[in-house]
Amino acid sequence: MAPLNFESNAHQAGPRSRDALFSKVLDETRRFRAALPSLLDRHAGQWVVFKDGVVASVHASMDDAYRAGLRAFGPQGGHVVDRVQRRAAIPATAGVVFG
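Residues numbered from 1 in each chain as written. Predicted model: local features only at pLDDT ≥ 70, side-chain atom pairs only at ≥ 80, totals over all residues. Heavy atoms only, no water.

1. A few points about the sheet that holds strand β3 (residues 80–83)
To be explicit about the condition: Pairing between strands requires that DSSP locate at least two bridges from one strand to the other. Helix numbering and strand numbering both begin at the N terminus, where a helix is a DSSP run of H or I of at least 4 residues and a strand a DSSP run of E of at least 2. Whenever a helix is involved, its axis is fitted only over the stretch in contact; in every case the axis is a line through C-alpha atoms, and angles between N-to-C directions fall within 0 to 180 degrees. Every residue pair with non-hydrogen atoms within 4.5 Å of one another is taken to be in contact.
In space, the three strands of this open sheet follow the order β2-β1-β3, with antiparallel pairing throughout. Lying at the two open borders of the sheet, with one neighbouring strand each, are β2 (54–59) and β3. Between one strand and the next, the sheet's axes are offset by a mean angle of 30°, whatever the strand orientation. Along the sheet, helix α1 (residues 15–43) contacts β1 (47–51), β2 and β3; its crossing angle with β1, the most-contacted strand, is approximately 135°.

2. Here's the deal with the packing of aromatic side chains
Defined as follows: Side-chain rings of Phe, Tyr and Trp (the six-membered ring for Trp) are treated as a pair once their centres are within 6.5 Å; stacked means planes under 30 degrees apart, edge-to-face means over 60, and tilted covers the remaining angles. Here, a charge over a ring is recorded when the distance from Lys NZ or Arg CZ to the ring centre is within 6 Å and its angle to the ring normal is within 35 degrees.
Applying the stated criterion across every chain, the model contains one aromatic pair. Sitting above the plane of the F73 ring, K51 keeps its charged end 5.6 Å from the centroid.

3. Points about α1
Which entries qualify depends on this criterion: For a helix, the expected span equals 1.5 Å multiplied by the residue count minus one. The angle separating two fitted axes, one through the seven residues that finish at a residue and one through the seven that start at it, defines the bend at that residue.
Between its first and last C-alpha atoms α1 spans 36 Å; for 29 residues at 1.5 Å apiece the expected length is 42 Å, and the helix comes up short by more than 12%. Of all the bends found along α1, the most pronounced is centred on P37 and spans about 60°. The elements touched by buried residues of α1 are β1, β2 and β3. Of the residues trailing α1, G45 is marked for its positive phi of about 85°.

4. Quick notes on the pattern of salt bridges
Note the cut-off: A carboxyl oxygen of Asp or Glu within 4 Å of a side-chain nitrogen of Lys or Arg is what we treat as a salt bridge.
What the rule picks out here adds up to four salt bridges. For E28, the salt bridge is made with R31, and the minimal N-O distance between the two is 2.6 Å. Here E28 and its partner R31 are both found in helix α1, three residues apart, which amounts to about one turn of the helix. For the salt bridge of R87 with D82, the shortest nitrogen-to-oxygen distance reads 2.7 Å.

5. Observations concerning the nonpolar core
What counts is decided by this rule: Throughout, nonpolar core names a set of buried Ala, Val, Leu, Ile, Met, Phe, Trp, Tyr and Cys residues whose side chains join them through atoms within 4.5 Å. Relative accessibility decides the category of a residue: with a 1.4 Å probe and only protein chains considered, values under 20% of the type maximum give buried, values over 50% give exposed, and everything between is partly exposed.
Of all hydrophobic cores here, the largest spans nine residues; its members are F32, A35, L36, L39, L40, V48, F50, V80 and V84. Take this core: its biggest share by element is five residues, from α1. With residues up to four places along the chain from it excluded, the contact list for L36 reads V84, Q85 and R87.

6. Some points on the pairing of β1
Most of β1 sits out of view: five of its five residues are buried. The side-chain alternation of β1 yields two buried faces, one formed by W47, V49 and K51 and the other by V48 and F50. As paired elements, β1 and β2 share five bridges and run antiparallel to each other. The residue bridging K51 from the neighbouring strand is V54, located in β2. Hairpin connection between β1 and β2: a loop of two residues separates the two successive antiparallel strands, and D52 in this loop has a positive phi of roughly 55°. Both β1 and β3 contribute to a ladder of four bridges, which runs antiparallel. The residue bridging F50 from the neighbouring strand is V80, located in β3.

What follows is the structure in structure tokens.
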């Protein structure tokens, strides 16, 4: 598979641009996590590109999903690529983290 060649000016983006992109991705991640229970029925074990609160595309591998996300939305699209799978809560209290 040929490498993707996206011109990105992320290295030139100012703090506001980076903060805005981070905020978009964080919001989209929250939407993905909220939708996860319903996604498990149709897409368990598959990789998805998730954008604007919906599955934009479904893929068998992380690489395919990553490439599809870049093609569809570009390197600063604010989309999420993740595998649809059950996640267990991980307790992280100060006692666990700092012993």
